[in-house]
Amino acid sequence: MAAVRTSRGNRGRVTGGADREGGPLRAVGRALKSPVRTVGRLIRRATHAHGAGESGLGKLIELHAVNGAGDVLITVALASTVFFSVPTDEARGRVAMYLAITMAPFALLAPVIGPLVDRVPYGRRAAMASAMGARAVLALVLTGAVVGGGIQLYPAALGVLMCSKAYGVVRSAVVPRLLPRRFSLVKANSRVTLGGLVATGVAAPVGAGLHQLGPRWPLYAACAVFVAGTLLSLSLPKKVDSAKGEESALLAADPDHLHGPHRRTWGDRPRLALRTVGTSVTHGLAVNASQRVLSGFLLFFLAFLLREHPMSGQSAAVSMGIVAVSAGTGNALGTAVGAWVRSRPPERIIVTVVAAVVVAAALAAAFFGAAMVAVLAGVAGFAQALSKLSLDAMIQRDVPEQVRTSAFARSETTLQMAWVVGGAIGISLPLVGPLGLGVAAALVGAGWACTARGLLHAATASGRRRLT
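Residues numbered from 1 in each chain as written. Predicted model: local features only at pLDDT ≥ 70, side-chain atom pairs only at ≥ 80, totals over all residues. Heavy atoms only, no water.

**So, the packing of aromatic side chains**
Counted according to the given criterion, the structure contains three aromatic pairs. Consider the rings of W217 and Y220, whose centres lie 5.6 Å apart with planes at 75°: the pair is edge-to-face. Linking W217 with Y220, this pair stays in helix 8 (residues 217-234), spanning three residues, or about one helical turn. The class for W217 is partly exposed, based on a relative accessible area of 44%. Its end group placed over the ring of W419, K165 keeps NZ or CZ at 3.9 Å from the ring centre. (Phe/Tyr/Trp six-rings, centres within 6.5 Å; stacked < 30°, edge-to-face > 60°. Helix = DSSP H or I, 4+ residues; strand = E, 2+ residues; numbered from the N terminus. Buried < 20%, exposed > 50% of the residue type's maximum accessible area, 1.4 Å probe, protein only. Lys NZ or Arg CZ within 6 Å of the ring centre and 35° of its normal.)

**Topic: the packing of helix 7 (residues 185-213) against helix 8**
At their nearest, the axes of helix 7 and helix 8 sit 7 Å apart, and the two run at 130° to each other. Overall, the two elements helix 7 and helix 8 adopt an arrangement that is oblique. Together, G207, L210, H211 and L213 of helix 7 and W217, P218 and A221 of helix 8 make up the contact between the two elements. Of the residues contributing to the contact of helix 7 with helix 8, the split by class is five nonpolar, two polar and no charged. (Axes fitted to C-alpha atoms, helices over the stretch in contact; angles between N-to-C directions. Parallel < 35°, antiparallel > 145°, perpendicular 65-115°, else oblique. Contact = heavy atoms within 4.5 Å. Nonpolar A, V, L, I, M, F, W, Y, C, P; charged D, E, K, R; others polar.)

**A word on a nonpolar patch on the surface**
On the surface, a nonpolar cluster with roughly 430 Å² of combined accessible area is contributed by L140, L213, W217 and Y220. Tracing the backbone shows L140 in helix 5 (residues 124-148). For L140, a relative accessible area of 44% puts it in the partly exposed group. (Patch = residues over 30% accessible without salt bridge, like charges linked within 9 Å, V, L, I, M, F, W, Y side chains within 5 Å. Areas by Shrake-Rupley, 256 points an atom, 1.4 Å probe, with all protein chains shown as cover. Salt bridge = Lys/Arg side-chain N within 4 Å of Asp/Glu carboxyl O.)

**Things to note about the nonpolar core**
Among the nonpolar cores identified, the biggest contains 98 residues, and L57, L60 and I74 are the most heavily contacted of them. No other element matches helix 10 (residues 279-308), which puts 14 residues into this core. Of all hydrophobic cores here, the second largest spans five residues; its members include A65, A69, V72 and A203. (Core = buried A, V, L, I, M, F, W, Y, C linked by side-chain atoms within 4.5 Å.)

**Focus: the pattern of salt bridges**
With the rule as written, the count across this model stands at six salt bridges. With a closest N to O distance of 3.6 Å, E412 and R292 form a salt bridge. Taken as a pair, E412 in helix 14 (residues 401-428) and R292 in helix 10 lie far apart in primary sequence, 120 residues in all. The two residues E412 and R292 agree in class, both being buried. The closest approach of N and O atoms between E347 and R397, which form a salt bridge, is 2.5 Å. One end of the pair, E347, is in helix 12 (residues 346-366); the other, R397, is in helix 13 (residues 370-398), and 50 residues separate them in sequence. Of the residues examined, E347 reaches a relative accessible area of 0% and is grouped as buried.

**Quick notes on the packing of helix 6 (residues 153-174) against helix 14**
When two helices pack together, their arrangement is given by the angle between the helix axes and by the axis-to-axis distance. Direction vectors running N to C along helix 6 and helix 14 enclose 155°, while the axes themselves pass 7 Å from each other. If you check the angle between helix 6 and helix 14, you find them roughly antiparallel. Viewed along their axes, helix 6 and helix 14 form a crossing whose handedness is right-handed. Of the residues in helix 14, those in contact with L161, K165, G168, V169, S172 and A173 of helix 6 are T405, F408, A409, E412, T413, Q416 and W419. By residue class, the composition of the contact of helix 6 with helix 14 is six nonpolar, five polar and two charged. (Left-handed = near helix turned anticlockwise from the far one by under 90°.)

**Section: helix 14**
Every α-helix winds through 3.6 residues per turn, so residues three or four apart in the chain are directed the same way. With 28 residues, helix 14 should cover 40 Å at 1.5 Å per step; its first-to-last C-alpha distance of 42 Å lies within 8% of that length. At A407, helix 14 is bent by approximately 25°, the largest bend along its length. When you tally the buried positions in helix 14, you get 21 out of 28 residues, the bulk of the element. (Expected span 1.5 Å × (residues − 1). Bend = angle between axes of the 7 residues up to and from the residue.)

**A few points about the environment of S55**
On the secondary structure map, S55 appears in helix 2 (residues 52-55). Assessed through its relative accessible area of 5%, S55 is described here as buried. A sequence separation of 125 residues divides S55 from P180, and the C-alpha atoms of the two residues are 5.3 Å apart. At 3.3 Å, the side chain of S55 and the backbone nitrogen of L57 are in polar contact. Here L178 takes part through its backbone oxygen, which lies 2.9 Å from a polar atom of the side chain of S55. (Polar contact = N/O pair within 3.5 Å; in protein donor to acceptor, adjacent residues only side chain to side chain.)

**Here's the deal with helix 8**
When the terminal C-alpha atoms of helix 8 are compared, their 26 Å separation across 18 residues agrees well with the 26 Å that a helix rising 1.5 Å per residue should span. Among the residues making up helix 8, those that are buried are P218, L219, A221, A222, C223, F226, G229, T230, L232 and S233.

**Topic: the confidence of the model for the protein chain**
Overall, the predicted model of the protein chain reaches an average pLDDT of 78, with 70% of residues at or above 70. With pLDDT under 50 throughout, residues 1-21 is counted as low confidence; its partners more than four residues away or in other chains account for 16 contacts. Note that residues 263-267 has pLDDT below 50 and, in this model, six contacts with residues that lie over four places away or in other chains. (pLDDT = per-residue confidence, 0-100.)

Below you can see the structure in the form of structure tokens.
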């Protein structure tokens, strides 16, 4: 029977058998908690360094990491399930149909998503939480579809994509509100992107391990991750929702290039000049859009091409994994290099890296093979990351602060729409490697040819302004 000590120093303390039995359990519990707490402290120290914790940027980095982890868990669950188990032509038809059905609302709403974020400024945290919560629900819907092959598989999977794109639009508008002192947008976006890439790299093998237990387990994990993301979205600082002093940006170089209803307000030229974004930004956005077209194209085209014609000696799943790792590695390198080339004119960086993509795509089309496809994926990932950071630098440099947040939201909306267009082109083409990669080279080459001269001219003009 347990004894109760009543001495002054240990009044009310229960000792005896219960304490002896609980001692080992408590020790095991402490031993299990210690590594988790240590990892948590290291992550928090990394994400909250250099003032990111005080400004709230640290929480956004963690939120983006949660977003990347959840998306890759769903990708792992779908990669080797019924999503690609039906005949290729039938699968392409289903994906094309559901892409049209699911992405059509996004395509129609894309021109108004940016203005909507501007007009409902106090809904940014709620919008990000909604995108997370919707994916948590869709992950549960997919748990039944991956086993039984239900009709809800394709719309649910593409619904996850749509929510991911919507999250990206809102996140781009949030970053400028959370900048620490002496922090550039390029540095902040580099940190956010790198956090997502690290989380993706960690979650991929975890998802593969859970998949060995059954195809539903990665989806259960994704649901839990997105629930955590929902709560983390709502915990962002209130200034994320503040739009004091902000105005809506117009994606035009100057008032003379406005179209539609804005053209009729030409009498208010000083105000319109404030709200336009400049030549560098419009050219940079156009060439970045061509790369997003390439990204969407490669995702869908290579997914079905490698399933039908895997790399020599490899299964379809392994072939897709090699390309995905190559693209992810290139993206991570581009993000890291972006912090090292801050002193270089961003226009020239874009022109250089996109030219490399055009060359890589042309070589992959001419000498089609496993190695060239992997090289193209890596170069495209590198160039896309570095070009996006360069676009961010131009927006920070050229766009007035009053409309900068709006410019980020609207430019990201344009880029997400370009990705949808690229995916549609990738699904519609015949599964012929040289043909598809030739089209890819033409798409990026057209974007580069139309903007290279304007970007180089803008870089020269910007250099002259700095000298004077």
